[in-house]
Structure formats: C-alpha cells, structure tokens
Amino acid sequence: MGLRGIIVVGFIILMATTLLASIILGHAKLNRDPPNIGHVIATIQLGPGTGPWGIAYDPSNGYIYVADSGSNTVSVIDPVKYTVIDTVSFEGIFTGGSVPQEIAYDPSNGYLYVTLITKEYGFSYVAVINTKANTVIGTIPISLGSGGIVYDPSNGYIYVATPGNGAVVVINGANNTAIGTIQLGAGASPWGIAYDPNNGYLYVTDSESNIVYVIDGATNTVMGTIQLAPESQSEGIVYDPSNGYLYAVDYSSDAVSVIDPVKYTVIDTIVGVGLSPQ
C-alpha cells in the first residue's frame, strides 16, 4: 500500500504503510516556521492492525477521519491533540466483515461516505456515516470493485470509481441512493477521482493505463481524456486550488504527473516520491 490520501489543513497528514499517520508541515505554516517545510513534525498512532487507507477532513467539527482497511473501522482523529478520539465500526453490518477503503465528506448533509468491499463475497458498498454521532446510518450497494470517491458541490452528487465494471457510479446525497452509472469504455479500470471547481469537471485515473478521463458533472458524460506518460499506471489524483493543477500519482514510475486541466496536458513530472505511490 502506498500513499492513499492527502489533506491540507495547515499541515498535511499522510497515510503510511505503518500504522501511523505522519504529519508533514505544509505551506500554510510557511511564515511561522520555514525550516520545517516538508518535514515530518509528528505521528499519530492508530490502533493495532488498522491498515490506514483513505482520509477526509470534516470542517464542521475539525476532525479527521481515516478508513482503516485492516480493522473494519474508521478512526476519528483530533488534529489539535494528535490523538484518535473515537472509532466508527462496521462490525455486524456485513457477514464476515469488510475492508474500508476511500472516504469523502459531503458538507451539504454532514455525512461521510466510505467505500468498502465485503470480505465474504467481494461485493462493494458505500457506507454512510453521521459524524455528529459517529455512527453508520446506511449502506449503498454499488458495482463490483470500488476505488476513489469524491463529492461534487455543484450538484450535490457523490461519484465513486468502480474498476470492476469500468465505470463511475453516481450517488445522490439527498436520499443516499445510486442514481446512475457513467461508462468509461471497454477495458477501463478507474480508480482515483478528483473534482475541479473551476470547470465542474471530474478527473478519473485508470490504474491499468496512462489515461485520465474527464467527466462533465453537469451532464455526467465523458468529455475527453488526458494522456499521461507511456506505461504510466495512475491511481490517486488530487486538485490543488492554489494553482488549478491536478496531481496524479504513478505507481509504475514512482512519480507524480502535474496536469493542467485547461490544456488537457501534463506540464511537469515530480520524481523520487517513494516506491509505488498510490
């Protein structure tokens, strides 16, 4: 498992292969402590066997939520105290347990949406968590296999990449039901997904090819594709509002592609980011 999620809240929390959340000082503290930029300043110990994967921030309470693939739970972290203050368990919801993966926050209802796969049959669901009580309030069945998940504030929908059927599932957060599927084409294996508020488009990586699919959230149709470097295999992708660029990690070349979404082009590559980033 490589890098699964990054979130900036004055610092960056980076999920590692160990059972720790490492905190790296980011640009928000540039004026206060320049020498520490890009350095690990603390670690947060998660529970034994957790297996941290996806991560999301809830601005309504200031807490950070980490999907724990190894323990069938979501850890609730207080970033002020650098401490896990609660856990949300999926125990008893699925026979044989489940593997929580990616996670997204919907500010319109205050819910968290967690993709997970059941251990017994490998079915995929999205679990809905009420962060006021830190309890699971529902599950939404989706296609076989689940990857990244993102919230689109322009329409209130949640989008889930589903590599099992080469598509993106659309969920209405108002009633927590799947309302549609966006097919990406034969052989597609979508994984990471990011939203660009400048144009309202969604960008979906393909873990088995060098393609990033561009989806118009207004029509839920594929607008086009962006070509990464040959032989690239990308999973995670994130949007940077400070410069308008997208960053897609390439686990086959241990690099990060910098994408200009206006030009549909890779404009730079960051190398040496570690082994098999995801």
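Residues numbered from 1 in each chain as written. Predicted model: local features only at pLDDT ≥ 70, side-chain atom pairs only at ≥ 80, totals over all residues. Heavy atoms only, no water.

(A) Molecular detail of the sheet that holds strand β16 (residues 177-183). Across the sheet, which stays open at both edges, the four strands sit in the order β13-β14-β15-β16 with antiparallel pairing between neighbours. With partners counted over all chains shown, the strands left at the sheet margins are β13 (149-152) and β16, one partner each. Direction aside, neighbouring strands of the sheet carry axes that sit 25 degrees apart on average. Bridge analysis of β13 against strand β14 (residues 157-162) gives four bridges, and the strand direction is antiparallel. If you follow aspartate 152 over to β14, its bridge partner there is tyrosine 157. (Pairing = 2+ DSSP bridges. Helix = DSSP H or I, 4+ residues; strand = E, 2+ residues; numbered from the N terminus. Axes fitted to C-alpha atoms, helices over the stretch in contact; angles between N-to-C directions.)

(B) Seen up close, the nonpolar core. Counting 16 residues, the largest nonpolar core has Val74, Phe90, Ile103, Leu112, Val114 and Ile129 as the members making the most contacts within it. What phenylalanine 90 contacts, discounting residues up to four positions off in sequence, is Asn72, Thr73, Val74, Ser98, Pro100, Val114, Leu116, Ala127, Ile129 and Val136. If you look at the next biggest cluster of nonpolar residues, it comprises 14 residues, including Tyr159, Leu202, Ile211 and Ile215. (Core = buried A, V, L, I, M, F, W, Y, C linked by side-chain atoms within 4.5 Å. Buried < 20%, exposed > 50% of the residue type's maximum accessible area, 1.4 Å probe, protein only. Contact = heavy atoms within 4.5 Å.)

(C) Summary view of the sheet that holds strand β6 (residues 63-68). If you walk across this open sheet you meet the four strands as β5-β6-β7-β8, and the pairing is antiparallel. In this open sheet, the two strands that pair with only one neighbour each are β5 (52-58) and β8 (83-89). Ignoring which end each strand starts from, the neighbouring axes of this sheet average 25 degrees apart. Strand direction decides the pairing type here: strand β7 (residues 73-78) and β8, joined by six bridges, are antiparallel. Bridging from a neighbouring strand, valine 74 pairs with valine 88 of β8.

(D) The arrangement of the environment of glutamate 102 in detail. If you trace the backbone, glutamate 102 turns up in strand β9 (residues 98-106). Remark: the alpha-carbon pair of glutamate 102 and valine 160, spanning 58 residues in sequence, is separated by 9.4 Å. Reaching out from glutamate 102, the side chain makes a polar contact with the side chain of tryptophan 53 at a distance of 3.1 Å. (Polar contact = N/O pair within 3.5 Å; in protein donor to acceptor, adjacent residues only side chain to side chain.)

(E) Just the confidence of the model for the protein, in detail. Across the protein, the average pLDDT comes to 84, with 83% of residues at 70 or higher. Confidence, expressed as mean pLDDT per element, reaches its minimum in the protein at strand β1 (residues 6-8) with 37 and its maximum at β13 with 97. Contacts of residues 1-19 to residues separated by more than four positions or lying in other chains number 73 contacts, the stretch itself having pLDDT below 50. pLDDT under 50 marks residues 24-33. Its contacts with residues more than four places away, or in other chains, come to 23 contacts. (pLDDT = per-residue confidence, 0-100.)

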